[in-house]
Amino acid sequence: MRGVIEKIIGRTDGRAEALSEIYVKAIPLKSYEDVNIIKSEVRAGNIVITNLSPLAKNNIEDVKRAINELNEYASSISGDIARLGEERVLLTPKTVKIWRA
């Protein structure tokens, strides 16, 4: 059984080898241009939690544009997006789905 598990996880020298690491990153939305950073991180396979408050204090219209763009982006890559309260948004690549109760 151990040999099967080692083949599945890619264990060759006694250590598990990660094919690629996935990070959960907190990226505040300070300006509308930060949308590109967020999209880049999700494209790389990472999960992003975005705090909208910094931009919302300055320009609520840019927040709306950013959310619309991130929503369209998540849809286009078959990823997922969800609100975490009033100030945060969670964006995931297509390999990660958000469970909603």
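One can find the structure itself at the top, above this paragraph.
Residues numbered from 1 in each chain as written. Predicted model: local features only at pLDDT ≥ 70, side-chain atom pairs only at ≥ 80, totals over all residues. Heavy atoms only, no water.

Draft legend 1. Focus on the nonpolar core. Of all hydrophobic cores here, the largest spans 17 residues; its most connected members are Leu29, Val35, Ile38, Leu70, Ile81 and Leu91. Secondary-structure elements contributing two or more residues to this core are helix 2 (34-43), helix 4 (60-76) and strand 4 (88-92). When residues of this core are assigned to their parent elements, the largest contribution, five residues, is made by helix 4. (Core = buried A, V, L, I, M, F, W, Y, C linked by side-chain atoms within 4.5 Å. Buried < 20%, exposed > 50% of the residue type's maximum accessible area, 1.4 Å probe, protein only. Helix = DSSP H or I, 4+ residues; strand = E, 2+ residues; numbered from the N terminus.)

Draft legend 2. Molecular detail of the pattern of salt bridges. Following the criterion strictly, the structure yields seven salt bridges and no others. Between Asp80 and Arg100 there is a salt bridge, with its nearest N and O atoms 3.0 Å apart. Remark: Arg100 occurs in the segment after strand 4 and Asp80 occurs in strand 3 (residues 80-84); sequence separation between them is 20 residues. A relative accessible area of 12% places Asp80 in the buried class. Residue Glu86 is joined to Arg83 by a salt bridge in which the shortest nitrogen-to-oxygen separation is 3.1 Å. (Salt bridge = Lys/Arg side-chain N within 4 Å of Asp/Glu carboxyl O.)

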